[in-house]
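Results of the structural survey
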Amino acid sequence: MAQNATIYKVELSVSDMDRHYYETHKLTIAKHPSETDERMMVRILAFALNAHEHLEMTKGLSTDDEPDIWQKSLSGELDVWVALGLPSEKVLRQSCSKATKVVVYPYGGKPAEVWWDKIKGSTTRFDNLSVVNLAEEETAALAKLANRAMKLQVNIQDAEVMVSLGEDIVYVNPIIWKA
């Protein structure tokens, strides 16, 4: 029998001094049975880093032809495509042809570095692609914050990120591999 997704309620307050974006988002996140706490928290972080009034979570892991997060224009075009993990060159090519801006957040340490070394040469032709690595220690610390009801505060300044949940604080320094 298939397991159901676990529902998480997140109140995400984003203060992005770099983009002058200050807003609170109430998110209902369906965590797929195969999704780890780390991946779910990376998804929330990616949402905060790209926060916009039209940004939304997608079906994610349960759908092959959708990113984890997207932003559509009022007329339905894909403005922003946000993917997590280590997509293939084929998936990157397809994503870059569908959306105005594509952002990939690899994480997981050494496997992410190996993936990037293998794929970076084939990404030079994609002007709309950004790749932002998240350090393994930082994403593991984010995973420890996960619980079913969260009030997260994300502060972004000078490309440095502070994620806080109550008294717990995690600092994340995204590393730009491709801008």
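Cut-offs applied
- Residues numbered from 1 in each chain as written.
- Predicted model: local features only at pLDDT ≥ 70, side-chain atom pairs only at ≥ 80, totals over all residues.
- Heavy atoms only, no water.
- Salt bridge = Lys/Arg side-chain N within 4 Å of Asp/Glu carboxyl O.
- Helix = DSSP H or I, 4+ residues; strand = E, 2+ residues; numbered from the N terminus.
- Buried < 20%, exposed > 50% of the residue type's maximum accessible area, 1.4 Å probe, protein only.
- Core = buried A, V, L, I, M, F, W, Y, C linked by side-chain atoms within 4.5 Å.
- Contact = heavy atoms within 4.5 Å.
- Pairing = 2+ DSSP bridges.
- UniProt positions renumbered as here; feature names shortened; annotations may be inferred.

1. Observations regarding the pattern of salt bridges
Going through the model one piece at a time under the given rule, you end up with nine salt bridges. With a shortest N-O distance of 2.6 Å, R39 and D68 are connected by a salt bridge. Pair noted here: R39 is in helix α1 (residues 37-49) and D68 is in the loop between β3 (55-57) and β4 (69-72), with a separation of 29 residues, a long-range link. Accessibility classification places R39 together with D68 in one group, the buried group. Close ionic contact of D117 with K120 constitutes a salt bridge, the shortest N to O distance being 3.6 Å. Looking at D117, the relative accessible area reads 54%, which means it is exposed.

2. Topic: the nonpolar core
It is characteristic of soluble globular proteins that their nonpolar side chains tend to be buried jointly. Of all hydrophobic cores here, the largest spans 40 residues; its most connected members are L12, M41, I44, Y105, M150 and L152. The element best represented in this core is α1, accounting for nine residues. Those residues in contact with I44 that sit more than four places away from it in its chain are V10, L12, I29, M57, M150 and L152. Of all hydrophobic cores here, the second largest spans 15 residues; its members include C96, I119, F126 and V131.

3. Quick look at the environment of A146
Structurally, the position occupied by A146 is in the loop between α4 (136-143) and β8 (149-157). Counting along the chain gives 115 residues from A146 to K31, while the straight-line C-alpha distance between them is 11 Å. Other than its neighbours up to four places away in sequence, A146 contacts D37, M40 and M41.

4. Brief notes about the pairing of strand β9 (residues 160-165)
In terms of strand pairing, β8 meets β9 through five bridges, oriented antiparallel. Bridging from a neighbouring strand, V154 pairs with V163 of β9. As consecutive antiparallel partners, β8 and β9 are separated by two residues, and within that stretch D158 has a phi angle of approximately 55°, a positive value. Where β9 meets strand β10 (residues 168-172), five bridges bridge the pair, whose relative direction is antiparallel. Its bridge partner lying in β10, S164 is registered against I169.

5. What to know about the UniProt feature "coiled-coil region" (unreviewed entry) in the protein
On the UniProt side, "coiled-coil region" (unreviewed entry) is annotated at positions that read residues 135-162 here. In this annotation, residues 135-162 is assigned 29% helix and 43% strand; the end-to-end C-alpha distance for the span is 14 Å.

6. Topic: the environment of I176
Among the structural elements, I176 can be located in strand β11 (residues 175-178). Considering only alpha carbons, one finds I176 and L134, 42 residues apart in sequence, at a separation of 9.0 Å. Non-local contacts of I176, meaning those with residues more than four positions away in its chain, are made with V131 and V132.

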